[in-house]
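In case you want the letters, here they are:
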Amino acid sequence: MSHETESKFQNTTGHVWDEDLQEFNNPLPGWWLWTFYATMIFAVVYWVFYPSWPIGKTFLKGINTIEYVNDKGEKKSSSWNTRALLLQDMNEASKAQEKWVSKLAATPFDKINTDPELKAFVVSAGKVLFQDNCAACHQSGGQGKFNFAPNLTDDDWIFGGSYDAIQQTLVNGRHGIMPAKGGNAALTDADVTALANYVLSLSGEQANAASAEKGKELFAGAGVCFSCHGADGKGNQAIGSANLTDKIWLWANVPGAKSADEKVAAVKEVITTGLNRGVMPVWKGRLSDEQIKLLTAYVHELGGGK
Ligand code: HEC
Ligand code: HEC
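Overview of the structure. Just so we're clear, the structure is a prediction, and the values are computed from it rather than from any experiment.

Once that is clear, we can look at the site of ligand 2. Lining the immediate surroundings of ligand 2 are 26 residues, of which Met178, Cys225, Cys228, His229 and Trp251 lie closest. Here a nitrogen atom of ligand 2 sits 2.8 Å away from a polar atom, N or O, in the side chain of His229. Within the residue set of the shell around ligand 2, elements represented by two or more residues are α7 (189–202), α9 (225–229) and α10 (260–273). The residue inventory of the shell around ligand 2, partitioned by class, reads 19 nonpolar, 7 polar and no charged.

Take a look at the structure:
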């Protein structure tokens, strides 16, 4: 039996178990062996260049060095280590950022969109700055929040959507104020109802026609509404008096009203109490001129620009 099996397999170690179980003695495949040798050579080279073996309380640092600028802005050189590598990476990233920031500072607003790379920088860096400083009020997409802060993504601007107007808004802040009853305390409740009906009719909402007719007179007369909102009710961006002819409401809860009566009540509430609610903070001094320019371009882009 044993004799028979031996003749069948030449390359065995000669060991036989259970009479026919044998061990082959074939050479390792060449590709495997060479890969194995290569990993050994790689390991030795690696030990020479990079930190490797512990020696007492320290370690073999390797001959590879790395240059970086530390937290204090000093240029340093040290043996290779991941902390220095991170500092070096951050340095390069902020240098790249600086390059774009100074490019933006030197580019007039109306030329930004002609440079696709600069525009991409405005969108990405502007988004980060917006999240950090503006999203708390204007929400992360800039869509705003009723009775709190205006939507910046639509084409409707309270204070103006030109680059200049947006920049002014950021630099000096904004605070639109409307006196109670437009400043005429003598207006009766019926007068205010009439004015509310007229204001609703301006934006195409359902309104009591007779009342709105009376409101129209008051708007242009005793109500002094026209002095801020304009004779046509379209508002004045210089003082941020809302355009009353569009369907966009920031303070009067017309969108949330369930009936025509509730709409009248919502507008009446604003006219009766006046407005002194929303304050857009001043950013000069809190943000750099470059950051304000960046955000101006970003917001202009959000709103489709003017
Ligand atoms: C504390 C809340 C708050 C923060 C923070 C804030 N805003 Fe405002 N923002 C407002 C309010 C409220 C108004 C409307 C003021 C008004 O109507 O009187 C406004 C108005 C604006 C307008 C004018 C919109 C128009 O239609 O004319 C722009 C542009 C604007 N904000 C941009 C920004 C940017 C950019 C930032 C971040 C740097 C920012 N805001 C941070 C509350 C805020
Ligand atoms: C002194 C200027 C001034 C006068 C006078 C004035 N308004 Fe206003 N009105 C404003 C300003 C400014 C706002 C926007 C405030 C803001 O955005 O913070 C406003 C907002 C409104 C709104 C809210 C619009 C919205 O988006 O929700 C209504 C409604 C309104 N006014 C109606 C009237 C009527 C009616 C009169 C006349 C009785 C009147 N206003 C008189 C300055 C004025």
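Coordination sphere of the iron atom of ligand 1, protein contribution only: His138 (NE2) and Met280 (SD), at 2.0 to 2.1 Å. Viewed at the metal, the 6 donor atoms of the iron atom of ligand 1 are separated by angles of 89 to 179°, and the geometry they form is octahedral. With His138 in helix α5 (residues 135–138) and Met280 in the loop between α10 and α11 (289–302), this residue pair connects regions lying 142 residues apart in the sequence.

Relative to strand β2 (residues 21–24), strand β1 (residues 12–17) runs antiparallel, the two being bridged by 3 bridges. The residue bridging Thr12 from the neighbouring strand is Phe24, located in β2. Between β1 and β2, which pair antiparallel in sequence order, lie 3 residues; one of them, Asp18, sits at a positive phi of approximately 45°.

This part is about unusual backbone geometry. Its identity is not glycine, yet Gln139 carries a phi of approximately 70°, on the positive side. By the element assignment, Gln139 lies in the loop between α5 and α6 (163–172).

The subject of this paragraph is the site of ligand 1. Near ligand 1, the surroundings consist of 23 residues, among which Cys134, Cys137, His138, Ile158 and Met280 are the closest. Note that a nitrogen atom of ligand 1 is positioned 2.8 Å from one of the side-chain N or O atoms of His138. At a separation of 2.7 Å, an oxygen atom of ligand 1 approaches a polar backbone atom of Ile158. Looking at the shell around ligand 1, the elements that each hand over two or more residues are α5, α6 and α11. Here the residues of the shell around ligand 1 sort into 15 nonpolar, 7 polar and 1 charged.

Thresholds, definitions, all that
Residues numbered from 1 in each chain as written. Chains lettered and ligands numbered in written order. Predicted model: local features only at pLDDT ≥ 70, side-chain atom pairs only at ≥ 80, totals over all residues. Heavy atoms only, no water. Near = heavy atom within 4 Å. Polar contact = N/O pair within 3.5 Å; in protein donor to acceptor, adjacent residues only side chain to side chain. Helix = DSSP H or I, 4+ residues; strand = E, 2+ residues; numbered from the N terminus. Nonpolar A, V, L, I, M, F, W, Y, C, P; charged D, E, K, R; others polar. Donors = N, O, S within 2.8 Å, 3.2 Å for Na, K, Ca; no water. Tetrahedral: all angles 85-135°; square planar, octahedral: opposite > 155°, others 65-115°. Pairing = 2+ DSSP bridges.

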